[in-house]
Amino acid sequence: MATRRSIDECLQHCEDTLRNAQDQYKDGLRQEHWDDNEYTSSLQQVEATLKELDVMNNSANKQQKEQLYRMRLQLQQLQNEMILLDH
């Protein structure tokens, strides 16, 4: 079973990734092809974080799984928006 601390650290990492990806997405909306490397790196970070969520989900209890699921939805939605952006 995952400890509360490990879940909290994972969720904090997810929030940091989400914030960074949102910033890159907003920049992508304004600047188009200005910084493709940062944008791509941010997308890769989102993907890695989603994989981290999968691993953490395997050892989480029911309440923790709900928290992880909600974070997953936020990350996947942003990931989809970033992929679909004509960048």
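It should be noted that the structure appears before, not after, this text.
Residues numbered from 1 in each chain as written. Predicted model: local features only at pLDDT ≥ 70, side-chain atom pairs only at ≥ 80, totals over all residues. Heavy atoms only, no water.

Caption draft 1: Geometry of the overall build of the protein chain. For the protein chain, the count of helices and strands is three helices and zero strands. Helices (α) and strands (β) of the protein chain occur, in sequence order from the N terminus, as α-α-α. Reported as C-alpha extents along the three principal axes, the dimensions of the protein chain are approximately 45 × 20 × 15 Å. Nonlocal contacts in the protein chain, meaning residues at least 24 apart in sequence, comprise 79% of its contacts between residues at least 6 apart. (Helix = DSSP H or I, 4+ residues; strand = E, 2+ residues; numbered from the N terminus. Contact = heavy atoms within 4.5 Å.)

Caption draft 2: Quick look at the environment of Gln-31. Tracing the sequence through the fold places Gln-31 in helix α1 (residues 4-31). Between the C-alpha atom of Gln-31 and that of Asn-61, which follows or precedes it by 30 residues, the distance is 42 Å.

Caption draft 3: Representation of the environment of Leu-43 in the model. Within the secondary structure, Leu-43 sits in helix α2 (residues 36-58). Sequence separation of Leu-43 and Asn-80 is 37 residues, and the distance between their C-alpha atoms is 9.7 Å. Residues within four places of Leu-43 in sequence aside, it is in contact with Gln-79, Met-82 and Ile-83.

Caption draft 4: Just the side chain of Thr-17, in detail. Of note, Thr-17 is situated in helix α1. Setting aside residues no more than four positions away along its own chain, Thr-17 makes contact with Gln-45, Val-46, Thr-49 and Leu-75.

Caption draft 5: How the structure looks around the packing of α1 against helix α3 (residues 62-84). Viewed as axis vectors pointing N to C, α1 and α3 meet at an angle of 15°, and their least axial separation amounts to 10 Å. Here α1 is positioned roughly parallel relative to α3, judged by the angle of their axes. For α1 against α3, the interelement crossing comes out left-handed. Residues Arg-4, Ile-7, Cys-10, Leu-11, Cys-14, Glu-15, Thr-17, Leu-18, Ala-21, Gln-22, Gln-24 and Tyr-25 of α1 form the contact with α3, whose participating residues are Gln-64, Gln-67, Leu-68, Met-71, Gln-74, Leu-75, Leu-78, Glu-81 and Met-82. Residues belonging to the contact of α1 with α3 are distributed by class as follows: twelve nonpolar, six polar and three charged. (Axes fitted to C-alpha atoms, helices over the stretch in contact; angles between N-to-C directions. Parallel < 35°, antiparallel > 145°, perpendicular 65-115°, else oblique. Left-handed = near helix turned anticlockwise from the far one by under 90°. Nonpolar A, V, L, I, M, F, W, Y, C, P; charged D, E, K, R; others polar.)

Caption draft 6: Broad picture of α3. Here α3 is 23 residues long and its end C-alpha atoms lie 33 Å apart, about the 33 Å a rise of 1.5 Å per residue gives. The set of residues buried in α3 consists of Gln-64, Leu-68, Met-71, Arg-72, Leu-75, Leu-78, Gln-79 and Met-82. Contacts from the buried residues of α3 go to α1 and α2. (Expected span 1.5 Å × (residues − 1). Buried < 20%, exposed > 50% of the residue type's maximum accessible area, 1.4 Å probe, protein only.)

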